[in-house]
Amino acid sequence: MNKKEISEIRKLFTKERCCINRLTGCYVDADKNKVLEFREAFGSLPEEEMYKYLDIFRKALSGSIGKNLFNMEFPLEQEMGEGTQKGLLTLRDSGLKEEAVLEAFYDRMIETWYHPENYLILLIHGSYDIPMRTSDGLEMDDASDYVYNFIMCCLCPVTLSKAGLCYNAETNSITDRIRDWIVDMPEQAFLFPAFNDRNSDVHSLLYFSKNTKELCPEITEQLLGCVQPLPAVQQKESFQAIIEETLGDECVYDVVLNLHENLSEMIEENKDNPQPLELDKAGVRSLLERSGAPQENMERFEEQYDEEIGANVTIMANNIADVRKFEVKTPNVTVKASPECASMMEKRMIDGIMCLVIPLTDDVEVNGIHISGEASDHAEDVL
C-alpha cells in the first residue's frame, strides 16, 4: 500500500465515513487469562465510545511506510493448505460472528505474543464500497464496482492510571483520585487484506509497529507467517556499515558528502510519488558509484550488501538518510548544518592538522549574542 491508499482507508475511521460493521475484543491479564470478551455491532455503540475506538484505529494507520507501517507478503507456503493466510481469510469471511473462529484467533495470539502486562485484543470487520475515480482524481460516490472487506487487529496495552488528587464536583472538594485501567494506543496492529491498487490483495497485509527500532517477530513471523522486514534503525545501521566496509580507507569526507547530497536529491525528486523511494542492491551500488566510490572498492560491495541486508532485500531511502540535517561529529565537537549548506563546509589542512572550515557571514551569534568585527576581519573560522 502506498501513502494515498493508506490515507484512503484511514479516512474511513471517522464518524461520517465509518464502514465498520463489527467490533470484538478480548481483555487479557498479565498471566494470559481472558478476563473479558465482547462483541458489538459498531454502529450501536454510544457516540463517545465510538470516537475513542476510531482514534485507536486511525493510530494503527499512522506513521511512515518503512518506519511504522510495513507492507508484508505471504510466502507461498503460507498460502497453501492450512497456512496462516487461510486462518486470516476464515476470520475475515466469518464477519467476526463465529465464536469458535474468534476463540481460535484469541488463543493463538495469547499463546504467541508475550506482553508483561494487561492488554486488549481489538478486532474489527469492515466493508468499504470503493468509489470509482475520474481521471483527475474525483470520487464518484454513486459508482462502484468492488467492495473491500477487511479486518483490522490492534494490540493495546491496558495500564493503571497514575495516583494523584482530583477535584470532586459532587462534594466540591479535592479528593484522592480513583485509579482506572486505561486502554492505550496500539503497540502492534495489522490490516488484512492489503488495499493495493485500490482493491483487495489477499496475498499481502499492512503491519503497524509503534516501536520503529524493533519489530515483533512473534506476530509478524509466527502468527502472520510473513517475512519480517528490517526495522528503520537497523536499515540505517546496516547501510552505514556497508559504506564503511566497502570504501575502507577511501571512506573520506568528500565521498560521504556526495553520498548525502545525491541521496537527498533522489528523495526530493520522489517526494510527490505516493510510493516511497526504495533502493535495491543495484540502486545502492549505483548511488555509491555516482558519489565517487573507487571502482576497485566496489568488489567488496556485493558481499557486504548480502551480509548486512540480504541479496533480494530493499531499503527505504528515508530510513538511511536524514534530509533535515548534515552532521559532522568528532570526540569533542559536533557541527550541524541544514543540508543545503553542507557544501559550504570545507576540509582543509592547516598547520599540519586536518580541519573543517566554515565561512562566517556578518550575522554571527555566540551563545545567543550577536558578535561583530571578527566576521569582517576574518573571512572564515576554523573548528
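Described in the following lines is the structure provided in the data block. (Residues numbered from 1 in each chain as written. Predicted model: local features only at pLDDT ≥ 70, side-chain atom pairs only at ≥ 80, totals over all residues. Heavy atoms only, no water.)

This paragraph deals with the overall build of the chain. Each helix and strand counted, the chain has eleven helices and 21 strands in total. Here the chain holds 383 residues, and 43% of them are scored as buried. Here the contacts in the chain between residues at least 6 apart in sequence split such that 62% fall between residues at least 24 apart. Within the structure as shown, the chain displays about 21200 Å² of accessible surface, and the carbon and sulfur contribution to it stands at 48%. Where the 37 positive side-chain charges of the chain centre and where its 71 negative ones centre are 5 Å apart. (Helix = DSSP H or I, 4+ residues; strand = E, 2+ residues; numbered from the N terminus. Buried < 20%, exposed > 50% of the residue type's maximum accessible area, 1.4 Å probe, protein only. Contact = heavy atoms within 4.5 Å. Areas by Shrake-Rupley, 256 points an atom, 1.4 Å probe, with all protein chains shown as cover. Lys, Arg positive; Asp, Glu negative; His and termini not counted. Charge placed at Lys NZ, Arg CZ, Asp CG, Glu CD.)

This brings us to the nonpolar core. One broad rule of soluble globular proteins: the nonpolar side chains tend to lie buried together. Counting residues in each nonpolar core, the largest one holds 39 residues, and the members touching the most others are Ile9, Phe13, Phe57 and Leu122. Those elements that place two or more of their residues in this core are helix H1 (3–10), strand E1 (20–28), helix H2 (47–59), strand E4 (119–133), strand E5 (139–160), strand E9 (188–192), strand E10 (194–196) and strand E12 (204–209). In terms of residue count, E5 provides more of this core than any other element does, six residues in total. (Core = buried A, V, L, I, M, F, W, Y, C linked by side-chain atoms within 4.5 Å.)

Tallied over the entire structure, the rule returns 13 aromatic pairs. Between Phe42 and Phe57, the ring centres sit 6.4 Å apart and the planes meet at 50 degrees, which makes this aromatic pair tilted. Here the residue Phe42 occupies a position in the loop between strand E2 (34–40) and H2, and Phe57 occupies one in helix H2, the gap between them amounting to 15 residues. The buried category is assigned to Phe42, whose relative accessible area is 1%. Aromatic side chains Phe105 and Phe190 sit 6.5 Å apart centroid to centroid with 65 degrees between the ring planes, which places their arrangement in the edge-to-face category. Here Phe105, found in helix H4 (residues 99–112), pairs with Phe190, found in strand E9; they are 85 residues apart in sequence, far enough to count as distant. One exposure class covers both Phe105 and Phe190, and it is buried. By the ring-pair criterion, three or more aromatic residues cluster together here, those being Phe13, Phe42, Tyr53, Phe57, Tyr128, Tyr148, Phe150 and Phe195. (Phe/Tyr/Trp six-rings, centres within 6.5 Å; stacked < 30°, edge-to-face > 60°.)

For the pair helix H7 (residues 253–269) and helix H8 (residues 281–290), the least separation of the axes is 9 Å and the interaxial angle reads 130 degrees. On the basis of their axis angle, the class for H7 and H8 is oblique. In this structure, the crossing between H7 and H8 has a hand that is right-handed. Only Leu287, Leu288 and Arg290 of H8 make contact with H7, whose side of the interface consists of Leu259, Asn262, Leu263 and Met266. (Axes fitted to C-alpha atoms, helices over the stretch in contact; angles between N-to-C directions. Parallel < 35°, antiparallel > 145°, perpendicular 65-115°, else oblique. Left-handed = near helix turned anticlockwise from the far one by under 90°.)

A covalent bond between the sulfur atoms of two cysteines is referred to as a disulfide. Considering all chains together, one arrives at zero disulfides under this definition. Unpaired in this structure, Cys153 has its nearest cysteine sulfur neighbour in Cys154, at a distance of 6.7 Å. For Cys153, a relative accessible area of 1% puts it in the buried group. (Disulfide = S-S within 2.5 Å.)

This paragraph deals with the pattern of salt bridges. The full count for this structure, using the stated rule, is 17 salt bridges. In this structure, Asp55 and Arg58 form a salt bridge, with 2.4 Å as the shortest nitrogen-oxygen distance. With a gap of three residues between them, Asp55 and Arg58 both fall in helix H2, about one helical turn apart. A relative accessible area of 34% means that Asp55 is categorised as partly exposed. (Salt bridge = Lys/Arg side-chain N within 4 Å of Asp/Glu carboxyl O.)

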